[in-house]
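Letter by letter, the chains look like this.
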Amino acid sequence: MKKIRKTVLLSIIIVFATVLCTGCANSTETLVLTQKEDTKEADIKEREAEEEEEEEEKEETEKICVFICGAVNQEGVYYLEKGARLYEGIEAAGGFTEAADTGWHNQAAVLEDGSKIQIYTVEETEAFRQEGIREEQTQIPGKEETDSDSGEDKTVNINKASAEQLQTIPGIGAAKAEAILTYRENNGMFSSVDEIQNVPGIKGKTYEKIQPYITTEEK
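A brief structural summary. Every value quoted in this text rests on a predicted model; they were computed, and no experiment measured them.

## Section: the pairing of strand E2 (residues 76-81)
Relative to E2, strand E1 (residues 63-70) is paired through 6 bridges, and the arrangement is antiparallel. Note on E2: the bridge partner recorded for Ile 64 is Leu 80. Hairpin connection, E1 to E2: the antiparallel pair is bridged by 5 residues.

Below, the structure is given as structure tokens:
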């Protein structure tokens, strides 16, 4: 009888130990699988972020940035397709005002990145004519002199710039300008230009592109 009891007790112990070991193994396997899934998900998110940034950079490299002012309905900085004509820039700026001299500039002229286009009024162009100034002698669509040519510091202070001013930086569109303002509002002023890399979408090639045009120093 004692032998039977010992045998039964031994069987119960073995079964309990087996169940316990199986449970531990399952727990370990579940933990490993969870860690692998988390790592895989993080890798996917990182790849998606990199692809999104590359796509944004591609889109921005295919566009030009121009400043259109004067006798237009909506002065401002505009991003247009590379190879855009003057008339397309004027349309983006809301068209001519009633006072504009629509024939002063060649509306078929190809715009260049970094251009400032001043649209004159009839009154202004009439004054030009009286002074003997012809159309080609006034500012026409084209790339302005570079910083090295003028000797003027044209960097943008990222601690003070508005969304519109930020968009004058090559490689910064409306979305990135808004992201910079949001970061600045939540984290305070940038301590250095390098800190801008903490802003979503601004790192790697994008940072290398904008770095020469930004500063945190007072002018």
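## A word on the side chain of His 105
With respect to the element layout, His 105 can be found in the loop between helix H2 (86-92) and strand E3 (116-119). Relative accessible area serves as the criterion here: at 11%, His 105 is assigned to the buried category. Within the local environment of His 105, its side chain forms a polar contact with the backbone oxygen of Gln 118, the two atoms lying 3.0 Å apart.

## Side note on helix H6 (residues 174-187)
The end-to-end C-alpha separation of H6 is 20 Å, in line with the 20 Å expected for 14 residues at 1.5 Å each. Looking one or two residues past H6, Gly 188 carries a phi angle of roughly 85 degrees, positive in sign.

## A few points about the environment of Gly 171
In this structure, Gly 171 sits in the loop between helix H5 (163-166) and H6. Since its relative accessible area comes to 6%, Gly 171 is described here as buried. Along the sequence, Gly 171 and Thr 206 sit 35 residues apart, while their C-alpha atoms lie 6.6 Å from each other.

Reading guide: rules and limits
Residues numbered from 1 in each chain as written. Predicted model: local features only at pLDDT ≥ 70, side-chain atom pairs only at ≥ 80, totals over all residues. Heavy atoms only, no water. Pairing = 2+ DSSP bridges. Helix = DSSP H or I, 4+ residues; strand = E, 2+ residues; numbered from the N terminus. Buried < 20%, exposed > 50% of the residue type's maximum accessible area, 1.4 Å probe, protein only. Polar contact = N/O pair within 3.5 Å; in protein donor to acceptor, adjacent residues only side chain to side chain. Expected span 1.5 Å × (residues − 1).

Function cannot be read off these values alone, since they describe shape.
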